[in-house]
Amino acid sequence: MKQFLLIAFMLLAWQFGFGQRLSQEELVNFYESAISDYYSDNVFNQEEKEHLILSDSLPTGIRLTYPDFTIKPVNEDAAVKIIEGRKEKSGRLDKIFFKEISPDTMDINIGGWSVTVKRVLRIYKGRLITKDINFAAGCGGTMGYIPNARLVYNRESRKWDYYSYATLLERRKAELETRRK
């Protein structure tokens, strides 16, 4: 019984004693930095000034207007209607994934789907189909897991350090290069 209590205490101490919890304000700032970095450096569609993001993946209180672009929180149906109204009938629908790696390391990944909408007229299983909606997801690449943004709690300064995708990518390249040698 003593061993069980000791193990339970150690697990709780590890979970709550060695990390720092993010406040809502820090979380919103983290999201805003990640969004700003991602869409400023985004290679998918530089001309696009309004980016569609699933609203359920955004925290409350996040700003929607940035210097070079805006984000529009939508659900899937609204995104399809917006994309269908565009001249080229295609666009992107993104989702933000928040992942707690450990109590002192948090990641944000932004990914989503390329969406195309075609007007069709056909019958499928007795139903009239008037549009064909295609969602296509891209691959993550061949360098392994690299988040779009990472927060790491710095115990000396007692603050969260922000790492952008560019910084994490350079670290990953250096790590892979040292493995080759």
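Note that the structure is a prediction, hence the values are computed from the model and not measured. (Residues numbered from 1 in each chain as written. Predicted model: local features only at pLDDT ≥ 70, side-chain atom pairs only at ≥ 80, totals over all residues. Heavy atoms only, no water.)

1. Quick look at the overall build of the chain
Rules: Numbering goes from the N terminus for both helices and strands, where a helix is a DSSP run of H or I of at least four residues and a strand is a run of E of at least two. Residue exposure (1.4 Å probe, protein chains only): buried if accessible area is under 20% of the type maximum, exposed if over 50%, otherwise partly exposed. The contact rule is simple, with two residues in contact once any of their heavy atoms fall within 4.5 Å.
On a plain count of helices and strands, the chain comes out with four helices and seven strands. Traced from its N-terminal end to its C-terminal end, the chain shows the element sequence α-α-β-β-α-β-β-β-β-β-α. A buried classification covers 31% of the 181 residues belonging to the chain. Within the chain, counting contacts between residues at least 6 apart in sequence, those at least 24 apart form 52% of the total.

2. As for the nonpolar core
Just so we agree on the cut-off: By convention a nonpolar core is built from buried Ala, Val, Leu, Ile, Met, Phe, Trp, Tyr and Cys residues, the set being connected through side-chain atoms within 4.5 Å.
Membership of the largest hydrophobic core comes to 22 residues, with the highest contact counts inside it found for Ile35, Tyr39, Leu58, Ile71, Ile96, Ile108 and Ile110. Looking at this core, the elements with two or more residues in it are α2 (24–41), β4 (105–124) and β6 (149–154). If you tally residues by element for this core, the top one is α2, at seven residues. Discounting chain neighbours no more than four positions away, the residues touching isoleucine 35 are Leu58, Ile62, Tyr66, Phe69, Ile71, Ile96 and Ile110. Counting residues in each nonpolar core, the second largest holds nine residues, with Leu52, Ile83, Leu93 and Val117 among its members.

3. What about the packing of aromatic side chains?
Rules: For this analysis, a ring pair means two rings from Phe, Tyr or Trp (six-membered ring only for Trp) whose centres lie within 6.5 Å, classed as stacked if their planes differ by under 30 degrees, edge-to-face if by over 60, and tilted for the remaining angles.
Inspection of every chain in the model, using the stated rule, returns eight aromatic pairs. Here tyrosine 39 and phenylalanine 69 contribute two aromatic rings whose centre-to-centre distance is 5.5 Å and whose plane-to-plane angle is 55°, an arrangement assigned as tilted. Remark: phenylalanine 69 occurs in the loop between β1 (50–54) and β2 (70–74) and tyrosine 39 occurs in helix α2; sequence separation between them is 30 residues. Judged by its relative accessible area of 5%, tyrosine 39 is buried. For phenylalanine 69, a relative accessible area of 4% gives the class buried. Among the aromatic residues, ring-to-ring pairing joins Phe30, Tyr31, Phe98 and Tyr162 into one connected group.

4. Some words on the pattern of salt bridges
What counts, and what does not: Put simply, a salt bridge is a Lys or Arg side-chain nitrogen that is within 4 Å of an Asp or Glu carboxyl oxygen.
With the rule as written, the count across this model stands at 11 salt bridges. Measuring nitrogen to oxygen at the nearest pair gives 3.9 Å for the salt bridge that ties arginine 122 to aspartate 132. Here arginine 122, found in strand β4, pairs with aspartate 132, found in strand β5 (residues 127–137); they are 10 residues apart in sequence, far enough to count as distant. Of the residues examined, arginine 122 reaches a relative accessible area of 41% and is grouped as partly exposed. Look at aspartate 132 and you get partly exposed, because its relative accessible area is 31%. A salt bridge links arginine 172 to glutamate 175, with the shortest nitrogen-to-oxygen separation between them at 2.9 Å. With a gap of three residues between them, arginine 172 and glutamate 175 both fall in helix α4 (residues 165–180), about one helical turn apart. Residues joined by salt bridges that share partners form a network here, namely Glu84, Arg119 and Lys131.

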